[in-house]
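Summary of the model geometry
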Amino acid sequence: MSTYRDLAHRGSARATVLRTVGTRERRSHLTAPRVPTVGIDIGGTKVMAGVVDADGNILETLRTETPDKSKSPRVVEDTIVELVLDLSDRHDVHAVGIGAAGWVDADRNRVLFAPHLSWRNEPLRDRISGRLAVPVMVDNDANTAAWAEWRFGAGRGEDHLVMITLGTGIGGAILEDGQVKRGKFGVAGEFGHMQVVPGGHRCPCGNRGCWEQYSSGNALVREARELAAADSPVAYNIIERVKGNVPDITGPLITELAREGDAMCVELLQDIGQWLGVGIANLAAALDPSCFVIGGGVSAADDLLIGPARDAFRRHLTGRGYRPEARIARAQLGPEAGMVGAADLARLVARRFRRANRRRVERYERYERYAEARRTDDRTSQGTL
């Protein structure tokens, strides 16, 4: 028996109510219900929400700015709830998945830490599900993006996949045999904080020489701004493009100029790509996946970045020449990957809710049959007396 939903009004606030029971998640997507779900991708600058069907097709999306880090967790929760309620006015929402840029505990309930938000050991799943009364799944945004690429994108058909997201920093995720590997405490995949240069650039995490200080959007922009600030001859083109305002230099601008043939920007992307390849070789030695999928905003540079990464990977791979090489592919789903993956993972939770609800209904029907039989027996007994 299918679940059903209605709209309840709590004061002035709306709430979408899905009458279900149970919270457990199944281990495979193969028998998950083919129902629409909502995916939420919470980044440092934007919150994106969308309704996604069982084939990964996006039916509708909404975007809003991420509340400032100084705002209370309740403000972020309000934003999530309003987006879900807005979408539920036009779609039959069965579950909600949230991909958060931060560390999520092994139970996928609490956000232990989020660098761009005020979440500190925040019980996000319980808070949101309590306000929406629908199944809610919470995970790290790199995990949700990796799941989407494995299900619908560049990682389809791969049994062992590693996702690397290049944005402000470096995020990552591991999938093996259709399962996201989150580690004992839920925070696996923080590849960006592997130390590749002891005593190197200071990282916001507190350490020096982290991988993301050499192969990320921040690293790309830092190098370009340093050259421009030094008035280097190789930076004249980009200085002219920003009219001398060095803080206006951004990653997308560097990529645009590289595509136009600017030698400095091409070289900077090659440097980022080479460091990317070094890190991938280290991960291959540790994890031995069949495929690396490269996502995030910096991956928009495509072969300007991926080409040098492949070359460096082959040069630094342990046992090169005597072992199979993992495939390195650019992510296919773009900035919507985290949202699509969160929605698809939420379908696993929705299945458990639907199935648990069906068992509850079956038990109730058996009890009704039993009670009716008892009533019939009682009436028969009274008639004979």
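Residues numbered from 1 in each chain as written. Predicted model: local features only at pLDDT ≥ 70, side-chain atom pairs only at ≥ 80, totals over all residues. Heavy atoms only, no water.

The protein goes by Glucokinase in an unreviewed UniProt entry, where it is assigned to Streptomyces anatolicus. The record in UniProt for the protein states the following under Sequence similarities (unreviewed entry): "Belongs to the ROK (NagC/XylR) family." (UniProt positions renumbered as here; feature names shortened; annotations may be inferred.)

**Quick look at the overall build of the protein**
Within the protein one finds nine helices and 15 strands. Among the 385 residues that make up the protein, the fraction classed as buried is 50%. Sequence separation of 24 or more characterises 64% of the internal contacts of the protein that already satisfy a separation of 6 or more. Surface summary for the protein: the accessible area is close to 18,400 Å², and the carbon and sulfur share equals 49%. (Helix = DSSP H or I, 4+ residues; strand = E, 2+ residues; numbered from the N terminus. Buried < 20%, exposed > 50% of the residue type's maximum accessible area, 1.4 Å probe, protein only. Contact = heavy atoms within 4.5 Å. Areas by Shrake-Rupley, 256 points an atom, 1.4 Å probe, with all protein chains shown as cover.)

**Quick notes on the pairing of strand S12 (residues 170-176)**
For S12, the tally of buried residues reaches six of seven residues, placing the bulk of the element in the interior. Where strand S11 (residues 160-166) and S12 come together, seven bridges link them in antiparallel fashion. Residue pairing across strands places Met163 opposite Ala173, the latter belonging to S12. Hairpin geometry of S11 and S12 is characterised by an intervening segment of three residues between the two adjacent antiparallel strands. Pairing analysis gives two bridges linking S12 to strand S13 (residues 179-180), with the strands arranged antiparallel. Along S13, the bridge assignment pairs Leu175 with Val180. Counting the residues between successive antiparallel strands, the hairpin from S12 to S13 contains two residues, one of them, Asp177, with a positive phi of roughly 50°. (Pairing = 2+ DSSP bridges.)

**Let's talk about the sheet that holds strand S14 (residues 291-295)**
Spatially, five strands are ordered S13-S12-S11-S14-S15 in an open sheet, and the strand pairing comes out mixed. With one partner strand each, in any of the chains shown, S13 and strand S15 (327-330) form the two edges of the open sheet. The strands touched by helix H3 (residues 141-152) within the sheet are S11, S12, S13 and S14, with S12 carrying the most contacts at an inclination of about 50°. Strand contacts of helix H8 (residues 303-316): S11, S14 and S15, with the helix running at about 165° to S15, the strand carrying the most contacts. (Axes fitted to C-alpha atoms, helices over the stretch in contact; angles between N-to-C directions.)

**With respect to the nonpolar core**
Counting residues in hydrophobic clusters, the biggest one holds 44 residues, and the most contacted among them are Ile164, Ile238, Leu276, Phe292 and Phe313. When contributions to this core are tallied by element, the ones reaching two or more residues are S11, S12, helix H4 (217-229), helix H5 (236-241), helix H6 (251-259), helix H7 (263-287), S14 and H8. Ranked by residue count, the leading element in this core is H7, at 10 residues. If you look at the next biggest cluster of nonpolar residues, it comprises 29 residues, including Val47, Val51, Leu87 and Val96. (Core = buried A, V, L, I, M, F, W, Y, C linked by side-chain atoms within 4.5 Å.)

**Remarks on unusual backbone geometry**
Residues other than glycine seldom take positive phi values, yet Asp231 does so here, at roughly 55°. On the basis of relative accessibility, which here comes to 46%, the residue Asp231 falls in the partly exposed class. Look at Lys243: it is not a glycine, yet its phi comes out positive at around 55°. With respect to the helices, strands and loops of the structure, Lys243 is situated in the loop between H5 and H6.

**Some thoughts on the confidence of the model for the protein**
Here the protein shows a mean pLDDT of 84. Residues at 70 or above account for 84%. Mean pLDDT across the elements of the protein ranges from a minimum in strand S1 (residues 5-10), with 36, to a maximum in H7, with 96. Counting contacts from residues 1-23, a segment whose pLDDT is below 50, to residues more than four positions away or on other chains yields 65 contacts. Long-range and interchain partners of residues 358-362, a stretch whose pLDDT sits below 50, account for four contacts in this model, where long-range means more than four residues apart. (pLDDT = per-residue confidence, 0-100.)

**Details of the sheet that holds strand S7 (residues 103-104)**
Strand pairing in a sheet relies on backbone hydrogen bonds. The paired strands run either parallel or antiparallel. Spatially, the three strands line up as an open sheet ordered S7-S8-S9, and their pairing is antiparallel. Edge positions in the sheet fall to S7 and strand S9 (120-122), since each has one partner strand and no second. Pairing of strand S8 (residues 111-113) with S9, which is carried by two bridges, proceeds in the antiparallel orientation. Across the sheet, the residue bridging to Val111 is Glu122, located in S9.

**A short note on the packing of H6 against H7**
Angle between the axes and distance between the axes: these two values describe a pair of packed helices. It is at 7 Å that the axes of H6 and H7 come closest, and there the two elements cross at 115°. The element H6 and its partner H7 pack so that their crossing is left-handed. On H7, the residues touching Ile254, Thr255, Leu257 and Ala258 of H6 are Cys265, Val266 and Leu269. In terms of residue class, the contact of H6 with H7 is made up of six nonpolar, one polar and no charged. (Left-handed = near helix turned anticlockwise from the far one by under 90°. Nonpolar A, V, L, I, M, F, W, Y, C, P; charged D, E, K, R; others polar.)

**Some points on the environment of Arg63**
Within the element layout of this structure, Arg63 appears in strand S5 (residues 58-65). Sequence separation between Arg63 and Asp41 is 22 residues, and the spatial gap between their C-alpha atoms is 9.6 Å. With sequence-adjacent residues up to four places away left out, Arg63 is seen in contact with Val47, Met48 and Glu336. At a separation of 3.2 Å, a polar atom in the side chain of Arg63 contacts the side chain of Glu336. (Polar contact = N/O pair within 3.5 Å; in protein donor to acceptor, adjacent residues only side chain to side chain.)

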